[in-house]
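Descriptive structure summary
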Amino acid sequence: MTTVLIADDQPMQRFGFRMLLESQDDMTVVGEAANGTEAVRQVAAHHPDVVLMDIRMPGLDGIEATRRIIAAGARTRVLIITTFDLDEYAYDGLRAGASGFLVKDAQPEELLAGIRAVAAGDAVVAPSLTRRLLDTYVHHLPAPGTGPTPEDPRLTTLTDREREILTVIGQGWTNTEIAERLHLAESTVKTHVGRILAKTGARDRVQAVILAYDTHLVKPA
């Protein structure tokens, strides 16, 4: 059973989400929050599998709430709900640690599939769309310093093959594309991806794309 917390400042929106989620045999709503502060508190109290997080809420917004939930080490994953797919707020939400985002007018089946994917440890946003977001808001990325810079410690334990695969993940390649272009079995690619996430501490594939940008393995298009 997937447990979900709904964080949205609009009562009718929360009601609609609750009705949809509780119509599913494999989901239950453990709480609702009208602002980020309440969302953080309820995550600590209920430990939901997924938070459906609106960005624009009074007081503590959804981005800062996401950042605090992730920083607390909770196993809870955050699915951002935004208005536009290439929204700066969606970008900020992903960098805060969200596992993906959906637009508010997504079809019910898309929303349910997104929650199930996030609960299973997958990322909802396609790596290619994550890259488009990063390229669009590249001015937010840390600028490379002048002269030689020490290697990011998150990369030091990666093998050459794992570093290569992290780089192409950052370029938006899917597992199937990686397997075909690097002449590997797809099961081998999945093993490499799992090891990359474990070694770098990236929560999912979306965070791996962000890591590839932050460490300058991938340059903006």
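Description of the structure in this document. Predicted, not measured: the structure shown is a model, and the values here were computed from it.

What counts and how
Residues numbered from 1 in each chain as written. Predicted model: local features only at pLDDT ≥ 70, side-chain atom pairs only at ≥ 80, totals over all residues. Heavy atoms only, no water. Helix = DSSP H or I, 4+ residues; strand = E, 2+ residues; numbered from the N terminus. Contact = heavy atoms within 4.5 Å. Pairing = 2+ DSSP bridges. Axes fitted to C-alpha atoms, helices over the stretch in contact; angles between N-to-C directions.

A look at the environment of Ala-98
- Position of Ala-98 among the secondary structure elements: in the loop between helix 4 (88-95) and strand 5 (100-103).
- For the pair formed by Ala-98 and Val-118, sequence separation is 20 residues and the distance between their alpha carbons is 9.6 Å.
- Beyond its immediate stretch of four places on either side in the chain, Ala-98 contacts Thr-66, Val-78, Ile-80, Gly-93, Val-206 and Gln-207.

Some details on the sheet that holds strand 3 (residues 50-54)
- Read from one edge of the open sheet, five strands run 2-1-3-4-5, paired in parallel fashion. Whereas interior strands pair on both sides, the edge strands pair on one side only; in this sheet they are strand 2 (27-33) and strand 5. The sheet shows a mean angle of 25° between the axes of neighbouring strands, direction not considered.
- Pairing geometry for strand 3 and strand 4 (residues 77-82), over five bridges, is parallel. Among the inter-strand pairings, Val-51 is bridged to a residue of strand 4, identified as Val-78.
- With respect to the sheet, helix 3 (residues 62-71) is in contact with strand 3 and strand 4, its orientation differing from that of strand 3 by roughly 155°.

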